[in-house]
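# Examining the three-dimensional arrangement
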Amino acid sequence: MRRMDDDEWGVPEDDWFAEPPAPRREASESSTRVEAPPPEHASAPTADELRRRRLIALAGVGAAIVLVAGGILIARAIGGDDGEPAETVVTPPPPAATVTTPPPPPSPTPTPTPPSAPIELPEGVRLAVGSEGDDVVAVQQALAQLGYEVGEADGIYGPTTEAAVIAFQGAQGLTADGIVGAETLAALQTALNAG
């Protein structure tokens, strides 16, 4: 058997995958040689074209592997790896340090002191908005001791003192006119003695 050289095949030495062209027959003197046109698909690809085809095939396989692996990772991240929904683990925060704060200081409202003597007004005198003096201080202190808001016991009969007198009179069943007369004074004294 005769070995064909690269020149006879028309294929470079480094191209192992190229198909060799069909061997040529030599025509005899008596026969006439008729050559058919080569089919269009029969032309042998060049070495560069074969390398390019291999690289494209390898790139396609690599891309497919990357897509499959990426899809698996995404599926595991979203829904777990066995098709069941992923469990959400909630870790409670560590307990906060207990801070004990001292109780707030007492309110600046002075504690009312009970009047030292019974509240007395001269005959026919009544206390109303605009009145001032020690008698007003005594009434304000008495109302504050009974739980009515009078503000500061400053001896000035203003709207706050009037509102406290009206509330007291209403609670005692008296005429709620905001004026402290003998009847309201007696009710204040009785309430102080009872409390």
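Above this text you will find the structure in question.
Residues numbered from 1 in each chain as written. Predicted model: local features only at pLDDT ≥ 70, side-chain atom pairs only at ≥ 80, totals over all residues. Heavy atoms only, no water.

### Some points on the overall build of the protein chain
Per the secondary structure count, the protein chain includes 5 helices and 0 strands. Secondary structure elements in the protein chain, listed N-terminal to C-terminal, are α-α-α-α-α. When the 195 residues of the protein chain are sorted by exposure, 18% land in the buried category. Expressed as a percentage of contacts within the protein chain between residues at least 6 apart in sequence, the contacts between residues at least 24 apart total 38%. With the model as given, the accessible surface of the protein chain reaches about 15700 Å², and the carbon-plus-sulfur share is 58%. (Helix = DSSP H or I, 4+ residues; strand = E, 2+ residues; numbered from the N terminus. Buried < 20%, exposed > 50% of the residue type's maximum accessible area, 1.4 Å probe, protein only. Contact = heavy atoms within 4.5 Å. Areas by Shrake-Rupley, 256 points an atom, 1.4 Å probe, with all protein chains shown as cover.)

### Structural notes on the nonpolar core
Grouped together as the largest cluster of nonpolar side chains are 20 residues, with contacts concentrated most on Leu127, Val139, Leu143 and Val180. At the level of elements, α3 (134-145), α4 (159-172) and α5 (182-194) are the ones that each hand at least two residues to this core. Sequence-distant contacts of leucine 127, defined by excluding residues within four places in its chain, comprise Leu121, Asp135, Val136, Val139, Tyr157, Gly178, Ile179 and Val180. (Core = buried A, V, L, I, M, F, W, Y, C linked by side-chain atoms within 4.5 Å.)

### Concerning α4
With 14 residues, α4 should reach 20 Å at 1.5 Å per residue; the first-to-last C-alpha distance of 20 Å fits that figure. Those residues of α4 not exposed but buried are Thr161, Ala164, Val165, Phe168 and Gln169. Taken down its axis, α4 places every buried residue within 135 degrees of arc, on the same side. Residues of α4 that are exposed and angled more than 90 degrees away from the buried face: Pro159 and Ala171. Summarising the contacts, the buried residues of α4 are in contact with α3 and α5. Directly after α4, the chain includes glycine 173, whose backbone phi takes a positive value near 80 degrees. (Expected span 1.5 Å × (residues − 1). Arc of directions from axis to C-beta.)

### Looking at the environment of aspartate 134
Inspection of the secondary structure puts aspartate 134 in helix α3. Separated by 22 residues in the primary sequence, aspartate 134 and isoleucine 156 have C-alpha atoms spaced 9.2 Å apart.

### Some details on the packing of α4 against α5
Any two packed helices are characterised by how steeply their axes cross, that is the angle between the axes, and by the distance between the axes. Contact pair α4 / α5: the axes reach a minimum separation of 11 Å and the direction vectors enclose 75 degrees. What the angle tells us is that α4 and α5 run roughly perpendicular. Residues Phe168, Gln169 and Gln172 of α4 form the contact with α5, whose participating residues are Thr184, Ala187, Leu188 and Ala191. Among the residues forming the contact of α4 with α5, the class breakdown is 4 nonpolar, 3 polar and no charged. (Axes fitted to C-alpha atoms, helices over the stretch in contact; angles between N-to-C directions. Parallel < 35°, antiparallel > 145°, perpendicular 65-115°, else oblique. Nonpolar A, V, L, I, M, F, W, Y, C, P; charged D, E, K, R; others polar.)

### Concerning the packing of aromatic side chains
Taken as a whole, this structure holds 1 aromatic pair when the rule is applied. Ring geometry for tyrosine 148 and phenylalanine 168: centres 5.9 Å apart, planes at 90 degrees, overall edge-to-face. Of this pair, tyrosine 148 sits in the loop between α3 and α4 while phenylalanine 168 sits in helix α4, and the two are 20 residues apart along the sequence. Here phenylalanine 168 falls in the buried class, since its relative accessible area comes to 2%. (Phe/Tyr/Trp six-rings, centres within 6.5 Å; stacked < 30°, edge-to-face > 60°.)

### Structural notes on the side chain of serine 131
Following the sequence through the fold, serine 131 ends up in the loop between α2 (47-79) and α3. Residue serine 131 is classed as buried on the basis of its relative accessible area, which comes to 18%. If near-sequence neighbours (up to four positions away) are discounted, serine 131 is found in contact with Arg126, Val136, Gly155, Ile156 and Tyr157.

### Some points on α3
Here α3 is 12 residues long and its end C-alpha atoms lie 16 Å apart, about the 16 Å a rise of 1.5 Å per residue gives. Those residues of α3 lying buried are Val136, Val137, Ala138, Val139, Gln140, Ala142 and Leu143. Buried positions along α3 lie against α4 and α5. Once α3 finishes, glycine 147 follows within two positions and takes phi at roughly 100 degrees, a positive value.

### What to know about the pattern of salt bridges
As a working rule, side chains carrying opposite charge can pair if their charged atoms are close by. Taken as a whole and judged by the stated rule, the model has 2 salt bridges. Put simply, aspartate 48 and arginine 51 hold a salt bridge, and the shortest N to O gap is 3.0 Å. On the criterion of helical spacing, the pair formed by aspartate 48 and arginine 51 is a turn pair, its members being 3 residues apart in helix α2. Using a relative accessible area of 39% as the deciding quantity, one classes arginine 51 as partly exposed. A salt bridge links glutamate 49 to arginine 53, with the nearest nitrogen and oxygen atoms 2.5 Å apart. Here glutamate 49 and its partner arginine 53 are both found in helix α2, 4 residues apart, which amounts to about one turn of the helix. (Salt bridge = Lys/Arg side-chain N within 4 Å of Asp/Glu carboxyl O.)

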